[in-house]
Amino acid sequence: MKNSMWGGRFTQGPDAIMEDINASIGFDRRLFRQDVAGSRAHARMLAQQGIITADDAENIITGLDTILREIEAGSFKFSRALEDIHLNIESRLTELIGPTAGRLHTARSRNDQVATDLRLWIRDAIDQLDGALHVLMGHLTERALETAPMVMPGFTHLQSAQPVTMGHHLLAYVEMFGRDRGRFADARRRLNESPLGAAALAGTSFPIDRRATAAELGFDRPTANSLDSVSDRDFVMETLAAAGICAVHLSRLAEEIVIWSTSQFAFVKLSDRFTTGSSIMPQKRNPDAAELVRAKAGRIVGALNALMIVMKGLPLAYCKDMQEDKEPVFDALEALALSLAAMAGMVADMEPQAANLRKAAGAGYATATDLADWLVRELAMPFREAHHVTGRIVAIAEERRLPLHRLALADLQAVEPRITDEVFTVLSVTRSVRSRTSQGGTAPANVRREARRWLRRLAKSEPRPADGT
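Because the structure is a prediction, the values reported are computed rather than measured.

A. Region of the structure containing the side chain of S432. Inspection of the secondary structure puts S432 in helix α17 (residues 429-435). On the basis of relative accessible area, S432 is assigned to the buried category, the value being 1%. Those residues in contact with S432 that sit more than four places away from it in its chain are P163, T367, D370 and V426.

B. Seen up close, a positive patch on the surface. On the surface, R448, R452, R456 and K460 cluster together into a positively charged patch. You can see R452 is positioned in helix α18 (residues 444-460). We classify R452 as partly exposed; its relative accessible area is 44%.

C. Structural context of unusual backbone geometry. Cis peptide bonds are those with omega within 30 degrees of zero, and the linkage from L316 to A317 qualifies with 5 degrees. On the secondary structure map, A317 appears in the loop between α11 (288-311) and α12 (326-349). At A107, a position not held by glycine, the phi torsion is positive, near 65 degrees. Among the structural elements, A107 can be located in the loop between α5 (85-97) and α6 (110-146). Notably, A380 is not glycine yet its phi reads approximately 55 degrees, a positive angle. Among the structural elements, A380 can be located in the loop between α14 (368-379) and α15 (383-400).

D. Seen up close, the environment of L240. Counting through the fold element by element, L240 comes out in helix α10 (residues 234-260). When the C-alpha positions of L240 and L333 are compared, they lie 7.7 Å apart, and in sequence the two are 93 residues distant. Leaving out residues up to four positions away in the same chain, L240 has contacts with A303, L304, L307, V329, A332 and L333.

E. The arrangement of the packing of aromatic side chains in detail. Taken as a whole and assessed by the stated rule, the structure comprises five aromatic pairs. Look at F155 and F265: their rings are 6.3 Å apart centre to centre, the planes differ by 55 degrees, and that puts the pair in the tilted class. Taken together, the residues span a long stretch of sequence, with F155 in strand β1 (residues 151-156) and F265 in the loop between α10 and β5 (268-269) at a distance of 110 residues. Judged by relative accessible area, which is 27%, F265 ranks as partly exposed.

F. Here's a closer look at the pairing of β1. Relative to strand β2 (residues 159-165), β1 runs antiparallel, the two being bridged by six bridges. For M152, the partnering residue across the bridge sits in β2 and is V164. Two successive antiparallel strands, β1 and β2, enclose a turn made up of two residues, where H157 displays a positive phi of approximately 60 degrees.

G. Empty space enclosed by the protein, seen in detail. On inspection of all chains with the given rule, the structure shows one cavity of 30 Å³ or more. D35, G38, S39, R108, Q113, T116, D117 and L196 are the residues that line the largest cavity. Counting only elements with at least two residues in the lining of the largest cavity, the list comes to α3 (32-48) and α6. The residue inventory of the lining of the largest cavity, partitioned by class, reads one nonpolar, four polar and three charged.

Conventions we followed
Residues numbered from 1 in each chain as written. Predicted model: local features only at pLDDT ≥ 70, side-chain atom pairs only at ≥ 80, totals over all residues. Heavy atoms only, no water. Helix = DSSP H or I, 4+ residues; strand = E, 2+ residues; numbered from the N terminus. Buried < 20%, exposed > 50% of the residue type's maximum accessible area, 1.4 Å probe, protein only. Contact = heavy atoms within 4.5 Å. Patch = residues over 30% accessible without salt bridge, like charges linked within 9 Å, V, L, I, M, F, W, Y side chains within 5 Å. Areas by Shrake-Rupley, 256 points an atom, 1.4 Å probe, with all protein chains shown as cover. Salt bridge = Lys/Arg side-chain N within 4 Å of Asp/Glu carboxyl O. Lys, Arg positive; Asp, Glu negative; His and termini not counted. Charge placed at Lys NZ, Arg CZ, Asp CG, Glu CD. Phe/Tyr/Trp six-rings, centres within 6.5 Å; stacked < 30°, edge-to-face > 60°. Pairing = 2+ DSSP bridges. 1 Å grid on protein atoms, 1.4 Å probe; cavity = no way out; pocket = protein on both sides within 12 Å on 5 of 7 lines; lining within 4 Å. Points joined across faces, edges and corners; volume = space filled by probe spheres on them. Nonpolar A, V, L, I, M, F, W, Y, C, P; charged D, E, K, R; others polar.

From the geometry alone we can't say anything about function, so treat these as descriptive.
This is the structure we're talking about:
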C-alpha cells in the first residue's frame, strides 16, 4: 500500500523490509507532546499571517487537542505503515476534521518538524536531569555537613595517601555534579533556537512569522540558516557529551560505594532499599544499584559515540541517517535520569561506619607527609631532605609494625637528632586533617563552611520545572 501522506510520486508500495528499516514510530512516538505543541503553534501562526483561515486553525487545534488526549489515554492507534509520529498524528487529524488537516503542513516539512520536536524533547529532558542533579547534590551536601569531622583515608592509586574527612570526599562529588549542571545549562542555552519554518532545507515562500512560533514554544529565537536548521544535531551530541561526563562521575562514585560497602573495607553500610540478596548465599548484601549505575555509563557514553559516527560523513542538508539520532538519545537520557535517582537514594540511605573509617585513616603511614611538613616547618629542612628522612622513619615503623605515632622519640632521633616530642602533635589523623586549612583543604572547619556555601547555592538555583511541552 502506498503511503497516503507522500505516495503521489510512487506507483507501488514499499517492500516489507523497506517498511521495517524506514519506520520510526516504535520509538519516536515519545515525541507526541512536542509534535502536538509544534503543530498548534504552527497552525496559530499560519492563521495570524493569513495563510489559512482562523476557522481552519481552530479546527486543526481542536483536533490536535483530541489526539493528545487519545495518546495520553492509550486509545490512539499507531500505524507502522505511516512511518513516524508526525504522519500518524496528521493521518488521525485527517480522520477527525477532514481535508482541512492537509492545510497544517503548509510552509513546513517533516525535516524542520522533527528538528523542532527533538529540541523540545531534549530541552525537557535537560530540565528533568537538572532537577535530578539538584536533588543528588543536596543529599551529598547534607551528608558532607554531617560527616565533616569524620576522618577516613584519602587514596592515590587506591593506596592510603593522607587522611581526609568524609565530608571533604563527598563535597568533591558535589563539585563534579555542579559542573555537570553547568554543562547541561550551556547545552540548553545553545539548543534553544527554533528550526520551525526552515521547511525542507531552503525556507519557504509563504509569509510566515518564525519569531511567533519560536516565542510560543519557549525558544529564544529562530535558527538563522535553513540548511543548518534541518541538518544540525550538535544539540543532541552536546547534550550526550554532558550526559556522558555526568555518567562517568556517577560511575566513579558508584565504584567507591561498591568498594566501601565490602566487608574488607566496611566504610559504609547500604540499606535494604538499594541492595539485593543472593539466591544461594544468605549472608550476601549486594550493591546492585551502584553496580548498575556504574554499568549504565557505558550505554550513555556509547550513545554519544554512535551519534558522532552517524553524523561524521553526512552532507547538507537532511539525510535519513539522522533518524538514528533518537533511540540512542532517548535511551541515554532516560538511563542517566534513572542513575541519578538511584544514586540520590543510595547517598541518602548509606550509613558511614565511623570507627572503621578512622581505623583505616591511620593505616599505611598516612601521616608521613605531616611528619615531613613538620621537619620543614620546625627544623627549616629542605622538603626533599625531609622527604628522605621521613622515608627512613617510615621504614623503621614498618619493620616494627607500629604506626608512626607509636614510635619512641628515640627511634625518631636515631634518624634525625633534632626531632623533639612536639612532632607527636602532628602524627595523629585527627590533628592531620585539622591542620589542612588551606583553601580547598580537608579541615573540618573548611568542610562545614563549603557545605553551607553549597546549600545556599542550591537553594538559589532551584531547577526550572520541565513543562512536558
